[in-house]
Amino acid sequence: MDRRSAMPLPEGTVTLLFSDIEGSTRLLHEIGDLYGQVLADHHRLLREVWDTHGGVEVDTEGDAFFVALGDARAAVKAAIAAQEALAAHRWPHGGELRVRMGIHTGTPRIRDGTYWGIDVHYAARLCSAAHGGQVLLSATTRALADDVPADDLGENAVKDFPSARRLYHLVVAGRTSREFPPPRTPDATRTNLPSVTSSLVGRERELEEVCAQLTGGVRLLTLTGVGGTGKTRLALAVGSALLDSFADGVFLVALASVGEERLVPLAVARAIGGAVEDDLDPEQGIIRYLGTRELLLIVDNVEHLLGSAPLLARLVEAAPGLHVLATSQTPLRVRGEVLMPLESLEIPAAGEEDPEALASVASVALFAQRARLADPRFALEAANAAAVAELCRRLDGLPLALELAAARVRMGGPRQLLAALERGMDALGTGARDVPDRQRGLRAALDWTVSLLGEAERALFAGLGVFAEAWTLEQVERMFGDELDVWEASAALHDFSLIRTRGDGRFTMAETVRSYAQDLLEQQGRANERRAQHALLLAREAEAIHDEIMLDMGLVARTIDLLREFLAALEWTAAADPALHCRLVAALGVPFYFASRLSVLADEILALSEDSAGVADDAWPRLLHGRLLVLHTRGDWGASGEVAAAAAAASGRLGDHPGQALGLVLGAHMLAFVDSEESVVRAAEWLREANALTGVGTDPRLEHILEFEGALNLLTRRSLDEAEAILTAIMAQPARTDFGALFAQSLWADCAFLRGRYHDAIERYAEMLRRLGGTQLDNQLLQVYGVATALAGLGRDREALEMLAAARGVAEREGGMDLRDDVLPEGAEALRAARLRLGEGAAEAAGRGPALDLAALVSWALSLADPATAPAS
């Protein structure tokens, strides 16, 4: 505080002048360190004026002055001079400085070196009611200074004063009251925001971010998102939060009921209360009205009037104090626009059922809060937590869907709601009666969105409903490219938030939106056609993966990514297209084996492969590959080798030499599990035959696999030095992606076991488990088997038998391979010795194992490779 008291305060009739900088806090944020210089210039200029006109500085605080003058005319002339000096000055930040003033003449009392009384409060209230660059006069001051131009503003309510008072606008530099908004008095409306009865739940972060953007320099921000994400609700919350941040208030322009773009300017004018003269272009009238105002305009539901978007950009450009927050299902695409896509609320992690943990998840918090409004008895508790979590996941965290579901919780609880959802989104009902029709239910919201699409976009949107989870643009191009411009149509659907990116190069849609797309596809009468296209696309994908997966094990991840699509195609073709179904089953045997899903198709593969009749020639070798893997997992190793030979012969008849070579490789691999000299010799013959096939030498990946299988054959001969030399060379090539490159580590561990180096074997099997990373069930089980046999070799018999029993339990429950003792002949001997040493305790040890699941089993095996946790042998 800086009080200048060198001059005595005038007594008797005194004119009191208050001034301050409008929007000073915002200006400080905008110009930073320059604000100190601006404030210094402001103080210097005004003090020069006060001194010139005989003003006494009563008090100064921050950017505010309280000045007293003994003459009303001198006070008014001082105000005019001050505004002219401020306007003429070149400010350090390159902009203008808007200072407001209020002047009142009265007889204030003096106490302790300052004025007090009702006249002081009235002068201060006049300053607060003025706008930047404006001077308001009381009726008393105006009467005493009647030689200056002033506009009569009529009777106005003044804050904290019981009766209305007449105010006057002092005309400075020709600026009349028409160039300023109405005084900031209780009669002046600062907002038309509707009263919102429900609290904002789950959007606290977004609320804070939008507020920060709009007060931090962003002047046109658009909230985008599919219908039902809560754009309007968030925008209203932002408006309420920022009401005190904009001097002239916050106003809502609701465009939902506006049907033509030409009517948008009138809707804006009505919302802000600005009169548009008959002979004036509405846009120019709005610009003139907004020109000196500082306000936030919330423009809701712009998506059906996108042609009016440039108007908003022009208003922002023409009115320096205007900020716009728009909501739209698609970007406005105008200059200066900042986008904030509004995603669905966070959903619970799979398997999460703890009520306390769920309560902090945004979608659950919203559902629970709204459910309590519908039924005060509702509580999130252990009995319903799993159902609530699944409900939130099924509804993708979409706020509108969650609120609709919560409104029905009293009819039967979360479990009944889940069952009702099987009938489709209409089970959620239509919501409150006092909202616009397009917001009454999820279907109504989506009806509105889809009505804004062109014919091509609607066709693509409906067609995408056949995807069970996600797709790439390349896949969609193959399905729809002959009918429409896939890239343009996809861009439109993305703009309208009907589809969204996943961050992995694929697109997806919310399950509720997918359900709507599927209904739309049925209405169009093209459901079977589109599902056939989808199934054919997936059959070709499966065949490509089958033919390459052993050459590039990265395709295991691709198989897992497509799993839901494959299953959907299998389900539809099983009933609608038997030939295409057979083609899919044949192609998916090998990929599903590596993706730990072979049990899904095992019985069907065996049935279809009993007879080649009805199976296409090019599908037959693939089907046999699937058959040999099923037989392998069920322990029929010798028969699986014979099937591989038959598959190789079938590929040979088709002239498919790479396929023939892979068949021979698979056969040789299966024979490695058969403990006989004849099998070892036969496997070597098949590998030599594969090496001699035309074209094998031109594909280094095939050569790599044959190299690996040669090492396996040497290992079965117990030529360990030669086998380890090849395996070490393979592991020294980290860029390789073939089957052999991945599993060389496993054979290297077998070598350590066969040499009796059991600690090394455990460490190598554990490293192989790490490389598998939780994929390929059978190969995980093989590594655990290796650890168990190595434990037996170390004499840790009880652990060995418990681990083997646990692995067999997992295999039985999850459809994994038959883990016979003789997977490795020496392993069978080690296990036999362990049982003999334990005697009766062997059965007890085996009985404790099966309770573990795969994750716990693998974690146990990995812990044994850590010297800090492994007990001494």
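Preceding block: the structure.
Bear in mind that the values here come from a model prediction, so they are computed numbers and not experimental data. All residue numbers refer to positions counted from 1 along the written sequence of the respective chain. Totals for whole chains, interfaces and linings use every residue, but because this is a predicted model, local features are given only for residues with pLDDT of at least 70 and side-chain atom pairs only at 80 or more, for both listing and counting. Hydrogens and water are ignored here; the side-chain numbers use all heavy atoms of the structure.

### Brief notes about the side chain of Gln745
Helix and strand labels come from DSSP, where a helix needs a run of H or I of at least four residues and a strand needs a run of E of at least two; each type is numbered from the N terminus. Looking at where Gln745 falls in the secondary structure, it is placed in helix α32 (residues 739–754). Apart from residues no more than four positions distant in its own chain, Gln745 is found in contact with Met731, Arg764, Glu767, Met768 and Arg771. Here, two residues are considered to be in contact whenever any of their heavy atoms come within 4.5 Å of each other.

### Digging into the pairing of strand β9 (residues 165–170)
By the bridge criterion, three bridges tie strand β7 (residues 135–138) to β9 in an arrangement that is antiparallel. Among the inter-strand pairings, Ser138 is bridged to a residue of β9, identified as Leu167. DSSP bridges decide pairing: two strands pair if at least two such bridges lie between them.

### Some points on the sheet that holds β9
Across the sheet, which stays open at both edges, the seven strands sit in the order β2-β3-β1-β4-β7-β9-β8 with mixed pairing between neighbours. Edge positions in the sheet fall to β2 (56–61) and β8 (150–156), since each has one partner strand and no second. Adjacent strand axes in the sheet meet at a mean angle of 20°, parallel and antiparallel pairs treated alike. Two elements, strand β1 (residues 14–21) and strand β3 (residues 64–69), share five bridges in a ladder whose sense is antiparallel. Bridge assignment links Ser19 to a residue of β3, and that residue is Phe65. To obtain each axis, a line is fitted to C-alpha atoms, and for helices this fit is confined to the stretch in contact; angles are then taken between N-to-C directions over 0 to 180 degrees.

### Notes on the side chain of His131
Within the secondary structure layout, His131 lies in the loop between α4 (118–129) and β7. What makes His131 buried here is its relative accessible area of 1%. Two N or O atoms count as a polar contact when they lie within 3.5 Å, although within protein this holds only if one can serve as hydrogen donor and the other as acceptor, and sequence-adjacent residues are included solely when both atoms are side-chain atoms. Looking at His131, its side chain comes within polar contact range of the side chain of Asp248, at 3.3 Å. Every residue in contact with His131, bar those within four places of it in the chain, is listed here: Glu22, Val99, Arg100, Phe180, Pro181, Pro182, Pro183, Arg184 and Asp248. Here's how the labels work: a residue is buried when its accessible area is under 20% of the maximum for its type, exposed when over 50%, partly exposed in between, all with a 1.4 Å probe on protein chains only.

### Observations regarding the packing of aromatic side chains
Stacked, edge-to-face and tilted labels apply to pairs of Phe, Tyr and Trp rings (six-membered ring for Trp) whose centres lie within 6.5 Å, assigned for plane angles under 30 degrees, over 60, and everything in between, in that order. Enumeration over the complete set of coordinates arrives at 13 aromatic pairs. Here the aromatic rings of Trp637 and Phe673 are separated by 5.3 Å at their centres, their planes lie at 45°, and the arrangement is tilted. Of the two residues, Trp637 sits in helix α27 (residues 637–653) while Phe673 sits in the loop between α28 (657–671) and α29 (677–691), which places them 36 residues apart along the sequence. Considered together, Trp637 and Phe673 belong to a single accessibility category, that of buried residues. Geometry around Tyr122 places Arg165 over its ring, the cationic atom sitting 4.5 Å from the centre. Over a ring means this: the NZ of a Lys or the CZ of an Arg is within 6 Å of the ring centre and within 35 degrees of the ring normal. Lying across the ring of Trp637, Arg820 places its NZ or CZ 4.0 Å from the centre.

### Focus: the pattern of salt bridges
Any Lys or Arg side-chain nitrogen located within 4 Å of an Asp or Glu carboxyl oxygen qualifies as a salt bridge. Scanning the entire structure with this criterion turns up 53 salt bridges. Between Arg530 and Glu483 there is a salt bridge whose closest N-O contact spans 2.8 Å. Of this pair, Arg530 sits in helix α21 (residues 527–548) while Glu483 sits in the loop between α18 (473–480) and α19 (486–495), and the two are 47 residues apart along the sequence. For Arg530, a relative accessible area of 1% gives the class buried. Looking at Glu483, the relative accessible area reads 40%, which means it is partly exposed. A salt bridge links Arg506 to Asp504; the shortest N-O distance between them is 3.4 Å.

### Description of the packing of α18 against α19
In helix packing, the relevant descriptors are the interaxial angle and the interaxial distance, both defined with respect to the helix axes. Where α18 meets α19, the axes come as close as 10 Å, and the angle between the chain directions of the two elements is 120°. Here α18 is positioned oblique relative to α19, judged by the angle of their axes. Here the hand of the crossing between α18 and α19 comes out right-handed. The segment α18 lies against α19, with Leu473, Val476, Glu477 and Phe480 engaging Val486, Trp487 and Ser490. Three categories are distinguished: nonpolar for Ala, Val, Leu, Ile, Met, Phe, Trp, Tyr, Cys and Pro, charged for Asp, Glu, Lys and Arg, and polar for the others, with Gly belonging to the last. Each residue belonging to the contact of α18 with α19 can be placed in one class, and the counts come to five nonpolar, one polar and one charged. By the definition adopted for this analysis, an angle is roughly parallel if under 35 degrees, roughly antiparallel if over 145, roughly perpendicular if from 65 to 115, and oblique otherwise. By convention the crossing between two helices is left-handed if the near helix lies anticlockwise of the far one by an angle smaller than a right angle, and right-handed if it lies clockwise.

### Quick notes on the nonpolar core
Counting 188 residues, the largest nonpolar core has Phe367, Phe461, Leu464, Leu498, Phe594 and Met803 as its most contacted members. The leading source of residues in this core is helix α24 (residues 578–594), at 11 residues. Beyond its immediate sequence surroundings of up to four residues, Leu498 is in contact with Val226, Leu446, Thr449, Leu453, Phe461, Leu493, Met509 and Val513. Counting residues in hydrophobic clusters, the runner-up holds 34 residues, among them Tyr35, Leu46, Leu97 and Ala150. The criterion is simple. A nonpolar core is a set of buried Ala, Val, Leu, Ile, Met, Phe, Trp, Tyr and Cys residues joined through side-chain atoms within 4.5 Å.

### Considering the sheet that holds strand β16 (residues 500–501)
Think of a sheet as strands paired side by side through backbone hydrogen bonds, with each pair either parallel or antiparallel. Judged by pairing direction, the sheet is antiparallel, and its three strands sit side by side in the order β15-β17-β16 without closing on themselves. Looking at strand neighbours, the two that pair on one side only are β15 (470–471) and β16, the edges of this open sheet. One ladder, built from two bridges, connects β16 with strand β17 (residues 507–508); its direction is antiparallel. Following the sheet pairing, Arg500 is matched in β17 by Thr508.

Worth remembering: the numbers are spatial, not functional.
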